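Read off the chains here:
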Amino acid sequence: MDKVILFVALSLPVIFFSKQSLFDFSSHGFTRFYSWECILALFVINYETWFKDPFSLKQIISWLLLIVSAWFVTEAAVRLRRARKPGIVRVDEKLFRFEQTTELVTAGIFRYIRHPMYSSLLLLAWGIWLKQPLATTLPVALLASWLLWLTAKRDEQECLAYFGESYREYMTRTKRLVPFVV
């Protein structure tokens, strides 16, 4: 019962911040919300095992994924913040403020992947799952991965609509989620 209460408590802020896109089924925010919920579920199920057997291979790999996840999201946030130009405003209620860039970001981590924040969430999901890799939670990690891939695809459609041909050309030079792979 405690885990259900914790899941609901952690879901409330996610619902609040996602409220603009929760009912727009074609928005990338819609699928992103459900990927966050999957990640929260994994966290709630596994949080008690985070520091058990700290030098096991699964724990070491898990921590590496979590550290890289933190680096990806930090690097992406810094790059997106730098891309915001004073006086130029992009109004779209379904986007978070940091997503409302008016200039295509192609420097730093964006030079290699188009969606470092979704990559960060992907690494986060698998890092959390590895804390206690269970067959019963594997479908949740796989669902989070699929939802993040779908979120990235939807975001690309939105970026193509906003940035046009420059985004299409950028897509040919970069990978979607994993540098040098996919």
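Everything discussed here concerns the structure shown above.
Please read these numbers as outputs of a predicted model, since none were measured by experiment.

**Student:** Outline the nonpolar core, supporting the account with residue identities and numerical values.
**Tutor:** By size, the foremost hydrophobic cluster in this structure holds 18 residues, and its most contacted members are I39, L42, Y118 and I128. Going through the elements one at a time, α2 (28-46), α4 (116-131) and α5 (138-163) are the ones with two or more residues in this core. Examining the composition of this core, we find that seven residues originate from one element, α4, more than from any other. Those residues in contact with I128 that lie beyond four places of it in its chain are I39, L42, F43, N46, W50 and L66. With 15 residues, the next largest nonpolar core counts I109, F110, I113 and L123 among its residues.

**Student:** So what about the layout of surface pockets? Which residues, and what values?
**Tutor:** Volume-wise, the second largest pocket comes out at about 210 Å³. If you trace the second largest pocket, you find it lined by L10, P13, V14, F17, W36, I39, L40, F43, W50, L121, L124 and I128. Among the secondary structure elements, those contributing two or more residues to the lining of the second largest pocket are α1 (2-18), α2 and α4. Its residues assigned to classes, the lining of the second largest pocket comprises twelve nonpolar, no polar and no charged.

**Student:** Which residues make up the packing of aromatic side chains, and what values go with them?
**Tutor:** Here the structure, examined in full by the defined rule, presents twelve aromatic pairs. Look at F30 and Y34: their rings are 5.2 Å apart centre to centre, the planes differ by 65°, and that puts the pair in the edge-to-face class. Of this pair, F30 and Y34 both sit in helix α2, four residues apart, which is roughly one turn of the helix. Taking relative accessible area as the criterion, F30 reaches 15% and is therefore assigned buried. Classification of Y34 as partly exposed rests on a relative accessible area of 37%. Three or more aromatic residues link up through ring pairs in this structure, and these residues are F43, Y47, W50, F51 and W63. One Lys or Arg, K19, reaches over the ring of F16 and ends 3.6 Å from the middle of that ring. A cation over a ring is seen here: K131 above W50, with NZ or CZ 5.1 Å from the ring centre.

**Student:** If you had to explain the environment of H28 to someone new, which residues and values would you point to?
**Tutor:** For H28, the position within the fold is in helix α2. Taking the C-alpha atoms as reference points, H28 and L148, 120 residues apart in sequence, are found 9.1 Å from one another.

**Student:** Residues and numbers for the pattern of salt bridges, please.
**Tutor:** All told, the structure shown has six salt bridges when counted by the stated rule. Where R114 meets E156, a salt bridge forms, and the shortest distance between an N and an O atom there is 2.8 Å. Of the two residues, R114 is situated in the loop between α3 (57-83) and α4 and E156 in helix α5; the sequence distance between them amounts to 42 residues. Accessibility expressed as a relative area gives 9% for R114, which makes it buried. Measuring nitrogen to oxygen at the nearest pair gives 2.3 Å for the salt bridge that ties E169 to R173. Placement of both E169 and R173 in helix α6 (residues 165-173) is noted, with a separation of four residues, approximately one turn of the helix. Residue classification places E169 among the partly exposed residues on the basis of a relative accessible area of 38%. Given the relative accessible area of 45%, R173 is considered partly exposed. Here the salt bridges do not stand alone but share partners, grouping R114, E156 and R176 into one network.

Rules of the game
- Residues numbered from 1 in each chain as written.
- Predicted model: local features only at pLDDT ≥ 70, side-chain atom pairs only at ≥ 80, totals over all residues.
- Heavy atoms only, no water.
- Core = buried A, V, L, I, M, F, W, Y, C linked by side-chain atoms within 4.5 Å.
- Buried < 20%, exposed > 50% of the residue type's maximum accessible area, 1.4 Å probe, protein only.
- Helix = DSSP H or I, 4+ residues; strand = E, 2+ residues; numbered from the N terminus.
- Contact = heavy atoms within 4.5 Å.
- 1 Å grid on protein atoms, 1.4 Å probe; cavity = no way out; pocket = protein on both sides within 12 Å on 5 of 7 lines; lining within 4 Å.
- Points joined across faces, edges and corners; volume = space filled by probe spheres on them.
- Nonpolar A, V, L, I, M, F, W, Y, C, P; charged D, E, K, R; others polar.
- Phe/Tyr/Trp six-rings, centres within 6.5 Å; stacked < 30°, edge-to-face > 60°.
- Lys NZ or Arg CZ within 6 Å of the ring centre and 35° of its normal.
- Salt bridge = Lys/Arg side-chain N within 4 Å of Asp/Glu carboxyl O.

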